[in-house]
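Residue-level structural notes
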Amino acid sequence: MLSVENVRSAYGRIEILHGVTLNVAAGEIVTLIGANGAGKTTLMHAISGVQPITGGTIRFEGEPIEKMPAHARVVAGISQVPEGRQVFDPLSVKDNLRLGAWSRCNADLEQSLARICRLFPVLESIWETPAGALSGGQQQLLAIGRALMARPRLLLLDEPSMGLAPNLVDLVLAVILSLKNEGLTILLVEQNAGAALAIADRAYVLETGKVALNGSAAAVQNDRRVRESYLGI
Ligand code: ATP
């Protein structure tokens, strides 16, 4: 579904991604793990189109998308849940969700809202509450719900467990698994490598802008370097 080949990206003259190659097949959860500053968010932004690339190709369902603006990639079927959630604080939960559906010209808006309520019943009880007043866990569910309102086929999830209490991390992981079971394809960036590897099919390890290792989640989990550097074992 997604094919990233030899992608390079820079901020000014400082190159951050030095030729990254990564693939995601339909129906998979693929996780991208790596230390702070490895370039994980930069890669997610390159795929969603908010960060330009300076080399390489990005194909979605076979079509090159690297020249497409970010909003067109949403229409094509890619939604991003950004790091830090980035909900619209003054807007209500409902309005945040409605904004997520902008690309669909309000088609099936009520049905889409009802689907989010089914997935995250807690949101319905705080429908009119400004997003800025929600807890971190509620904001994370809202950010995921907002991305789902665009009806993506590929969901880019950047650090969904960041700053959440352990029970909420488990809830978010369960939500990710249930989305996969509904057929969604997911690229998951996580610093919580143990949690990400537990639900992923395959994994990539990014180190200073390069893929250092990739394989099945089980194989990556058992790799000595991963155990020492990322799992603390
Ligand atoms: P983290 O887990 O901390 O989010 P990351 O692996 O997602 O790390 P990036 O956020 O992609 O890493 O950052 C990679 C490098 O690019 C870091 O050195 C960071 O300081 C730098 N960087 C990120 N955004 C910018 C920017 N807008 N301008 C300049 N440098 C940036």
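Heads up: the structure comes first, above all this text.
How each quantity is defined
- Residues numbered from 1 in each chain as written.
- Predicted model: local features only at pLDDT ≥ 70, side-chain atom pairs only at ≥ 80, totals over all residues.
- Heavy atoms only, no water.
- Helix = DSSP H or I, 4+ residues; strand = E, 2+ residues; numbered from the N terminus.
- Rg over C-alpha atoms; globule rule 2.2 N^0.38 Å.
- Buried < 20%, exposed > 50% of the residue type's maximum accessible area, 1.4 Å probe, protein only.
- Areas by Shrake-Rupley, 256 points an atom, 1.4 Å probe, with all protein chains shown as cover.
- Lys, Arg positive; Asp, Glu negative; His and termini not counted.
- Charge placed at Lys NZ, Arg CZ, Asp CG, Glu CD.
- Near = heavy atom within 4 Å.
- Polar contact = N/O pair within 3.5 Å; in protein donor to acceptor, adjacent residues only side chain to side chain.
- Nonpolar A, V, L, I, M, F, W, Y, C, P; charged D, E, K, R; others polar.
- Contact = heavy atoms within 4.5 Å.
- Pairing = 2+ DSSP bridges.
- Salt bridge = Lys/Arg side-chain N within 4 Å of Asp/Glu carboxyl O.

**Let's talk about the overall build of the chain**
Counting secondary structure elements, the chain contains ten helices and ten strands. Here the chain has a C-alpha radius of gyration of 17 Å; the compact-globule value for 233 residues is 17 Å, and the two agree. By principal-axis analysis of the C-alpha atoms, the chain measures approximately 45 × 40 × 30 Å. Every one of the 233 residues in the chain was classed for burial, and the buried ones make up 49%. Just so you have it, the chain exposes about 10300 Å², and 52% of that area is on carbon and sulfur atoms. One finds the centroid of the 21 positive side-chain charges in the chain at a distance of 4 Å from the centroid of its 22 negative side-chain charges.

**A look at unusual backbone geometry**
One non-glycine residue with positive phi stands out, namely E61, at about 50 degrees. Counting through the fold element by element, E61 comes out in the loop between strand 4 (55-60) and strand 5 (63-64). Residue classification places E61 among the partly exposed positions, given a relative accessible area of 39%.

**What about the site of the ligand?**
For the ligand, the set of nearby residues contains 13 residues, the closest of which are G37, K40, T41, T42 and Q191. Contact distances for the ligand include 3.5 Å between a nitrogen atom and a side-chain N or O atom of Y11. Between the ligand and the protein, one listed contact pairs an oxygen atom with a side-chain N or O atom of E83 at 3.3 Å. Calculation on the ligand without its partners gives an accessible area of 630 Å², and the protein chains cover 57% of this total. With three residues, the single largest contributor to the shell around the ligand is helix 1 (residues 40-48). For the shell around the ligand, the per-class residue count stands at four nonpolar, six polar and three charged.

**Considering helix 4 (residues 109-119)**
Of the positions making up helix 4, those classed as buried are L109, S112, L113, R115, I116, C117 and L119. Against the buried residues of helix 4 lie helix 3 (93-100), helix 5 (121-124), helix 6 (136-148) and helix 7 (166-181).

**Some thoughts on the sheet that holds strand 4**
In space, the four strands of this open sheet follow the order 2-1-4-5, with antiparallel pairing throughout. Looking at strand neighbours, the two that pair on one side only are strand 2 (14-24) and strand 5, the edges of this open sheet. One ladder, built from eight bridges, connects strand 1 (residues 2-11) with strand 2; its direction is antiparallel. Across the sheet, residue V7 finds its bridge partner in strand 2, namely V20.

**Re helix 1**
Extensive coverage of helix 1 is indicated by the burial of seven of its nine residues. Turning to helix 1, its buried residues number three or more, namely K40, T42, L43, M44, A46, I47 and S48. Looking one or two residues past helix 1, G49 carries a phi angle of roughly 100 degrees, positive in sign.

**Comments concerning the pattern of salt bridges**
In total, this model carries eight salt bridges according to the counting rule given. R98 is the salt-bridge partner of D95, the closest N and O atoms lying 3.1 Å from each other. Here D95 and its partner R98 are both found in helix 3, three residues apart, which amounts to about one turn of the helix. Accessibility expressed as a relative area gives 29% for D95, which makes it partly exposed. Here E228 and R224 are joined by a salt bridge, their closest N and O atoms 3.5 Å apart. Taken together, the residues span about one helical turn, with E228 and R224 both in helix 10 (residues 224-229) at a distance of four residues.

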